[in-house]
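Topology and contacts: notes
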2 protein chains.
Amino acid sequence: MDDMRFYCLHSELCKTLANEKRQMILGTLRDGEMTVSQLREKTRIPQANLSQHLSLLRGRGVVSARRDGTHVFYSIANPKIIQAFDLITEVMLESLEQQKGLADRALAPDAAE
Amino acid sequence: MDDMRFYCLHSELCKTLANEKRQMILGTLRDGEMTVSQLREKTRIPQANLSQHLSLLRGRGVVSARRDGTHVFYSIANPKIIQAFDLITEVMLESLEQQKGLADRALAPDAAE
DNA sequence: GTACAACATTCGTATATTCGAATGTACTCG
DNA sequence: CGAGTACATTCGAATATACGAATGTTGTAC
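Notes on the structure follow. (Residues numbered from 1 in each chain as written. Chains lettered and ligands numbered in written order. Predicted model: local features only at pLDDT ≥ 70, side-chain atom pairs only at ≥ 80, totals over all residues. Heavy atoms only, no water.)

Quick notes on the overall build of chain A
For chain A, the helix and strand inventory stands at five helices and three strands. Mapped in sequence order, the helices and strands of chain A form the string α-α-β-α-α-β-β-α. The proportion of buried residues among the 113 residues of chain A is 39%. Look at the contacts in chain A between residues 6 or more apart in sequence, and 51% of them connect residues 24 or more apart. Carbon and sulfur atoms provide 49% of the accessible area of chain A, an area that totals close to 6,700 Å². (Helix = DSSP H or I, 4+ residues; strand = E, 2+ residues; numbered from the N terminus. Buried < 20%, exposed > 50% of the residue type's maximum accessible area, 1.4 Å probe, protein only. Contact = heavy atoms within 4.5 Å. Areas by Shrake-Rupley, 256 points an atom, 1.4 Å probe, with all protein chains shown as cover.)

Looking at the protein's contact with DNA strand C
Close to DNA strand C lie 23 residues; Gln52 and His53 of chain A together with Ser37, Ser51 and Tyr74 of chain B are nearest. At the protein interface, 70% of the atoms of DNA strand C within 4 Å belong to sugar or phosphate. Residue Lys21 of chain A places a side-chain N or O atom 2.8 Å away from a phosphate oxygen belonging to DNA strand C. Here a sugar or linking oxygen of DNA strand C sits 2.9 Å away from a polar atom, N or O, in the side chain of Thr70 of chain B. Listing elements by their share of the surface near DNA strand C, those giving two or more residues are helix H2 (20-29) and helix H4 (47-59) of chain A together with helix H3 (36-43), helix H4 (47-59) and strand E3 (71-76) of chain B. Among the elements that take part in the surface near DNA strand C, H4 of chain B stands out by supplying six residues, more than any other. Here the residues of the surface near DNA strand C sort into six nonpolar, 13 polar and four charged. (Near = heavy atom within 4 Å. Polar contact = N/O pair within 3.5 Å; in protein donor to acceptor, adjacent residues only side chain to side chain. Nonpolar A, V, L, I, M, F, W, Y, C, P; charged D, E, K, R; others polar.)

Structural notes on the interface of chain A and chain B
Each side of the interface is counted separately: chain A has 39 residues, and chain B has 38 residues. Each partner contributes to the roughly 3,700 Å² buried at the junction of chain A and chain B, and carbon and sulfur atoms together form 73% of this total. When the buried surface of chain A facing chain B is broken down by residue, Tyr7, His10 and Ile88 of chain A rank first, second and third, together holding 17% of it. Between chain A and chain B we count four salt bridges in total. Among the salt bridges present, the one from Glu94 of chain B reaches Lys80 of chain A, with a minimum N-O distance of 2.6 Å. Counting the contacts that link chain A with chain B gives 14 residue pairs in polar contact (both at pLDDT 80 or more). For the side of chain A that touches chain B, the secondary structure elements donating two or more residues are helix H1 (3-17), H2, helix H3 (36-43) and helix H5 (79-107) of chain A. Per element, the largest residue contribution to the side of chain A that touches chain B is 14 residues, and it comes from H5 of chain A. (Buried area = accessible area lost by both parts, 1.4 Å probe. Salt bridge = Lys/Arg side-chain N within 4 Å of Asp/Glu carboxyl O.)

Here we look at unusual backbone geometry
Outside of glycine, negative phi angles account for most residues, and trans bonds account for most peptide bonds. Residues and elements named next belong to chain A. Despite not being glycine, Arg44 shows a phi value in the positive range, around 65°. With respect to the secondary-structure elements, Arg44 resides in the loop between H3 and H4. For Arg44, a relative accessible area of 68% puts it in the exposed group.

A few points about the protein's contact with DNA strand D
Close to DNA strand D lie 24 residues; Ser37, Ser51 and Tyr74 of chain A together with Gln52 and His53 of chain B are nearest. Each atom of DNA strand D within 4 Å of the protein belongs either to a base or to sugar and phosphate, the latter forming 68%. In this structure, Tyr74 of chain A approaches DNA strand D through a side-chain N or O atom, which is 2.5 Å from a phosphate oxygen. Between His53 of chain B and DNA strand D, the recorded distance is 2.7 Å, taken from a side-chain N or O atom to a phosphate oxygen. Elements with a minimum of two residues in the surface near DNA strand D: H3, H4 and strand E3 (71-76) of chain A together with helix H2 (20-29) and H4 of chain B. In terms of residue count, the dominant contributor to the surface near DNA strand D is H4 of chain A (six residues). Along the lines of polarity and charge, the residues of the surface near DNA strand D split into six nonpolar, 13 polar and five charged.

And the structure:
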């Protein structure tokens with residue numbers, strides 16, 4: 001079973017996305033490239049911490065950086081990341097709907113289960 | 001900024017996928033529903049640990065369970081999970097390609113950068 | 001009822017992540 | 001050169017995750 005390597009890489013990429021701050025960064029970067037300062041203003045993430053997350057995202061190839069003078073512009077490396085992001089959103093919303101449905105049924109137990 | 005809740009839920013779903021064992025489970029379940037025993041054989045994950053992961057996946061609505069006698073059948077709750085899974089695979093492979101490209105260029109530095 | 005199989009949960013520990021504080025580096029301007 | 005801005009890295013402590021071992025639960029058969 002050499003799928004092991006496959007699943008490892010797979011989960012590694014998921015881990016990179018598995019953090020609210022990093023999701024926030026991606027959600028902000030989806031509109032186009034942006035400097036760290038701009039990201040800091042939009043996301044309200046403290047500078048050091050923001051840099052840490054950007055470093056991780058960079059290391060995993062999720063975003064890419066471009067230096068221009070004293071500024072560094074970040075952008076999403078692969079547009080498919082955005083597709084994945086949106087799919088996750090859909091799954092999330094549908095899951096919430098479903099849970100809501102279950103809750104409603106529990107509150108109004110007309111028919112027996 | 002109430003996107004906070006959005007990004008939280010978003011990353012929570014990603015966290016659910018951010019583990020090799022759970023990826024393995026999903027990769028195995030994508031062919032159809034399966035009992036815990038079958039999953040254990042295919043994935044070689046110890047029973048208790050497998051149950052723990054399944055419990056987490058169930059709690060987050062990623063898989064659903066159906067009991068039949070003494071067996072419990074698990075299946076992927078939302079087909080979009082599989083789409084997301086495959087997108088992640090694509091991103092991963094393209095990222096590997098790109099890294100390989102960079103490595104090749106580093107080994108054969110003909111033209112200046 | 002007992003015995004057994006299939007699966008789930010709890011608990012404790014090892015390991016990984018996250019984040020702030022401090023410090024470091026790269027670049028520009030004068 | 002020094003000073004200031006933009007960004008990155010390191011370190012340590014708090015928190016979260018993963019997993020094995022033991023124990024529980026649920027269902028079937030007898």
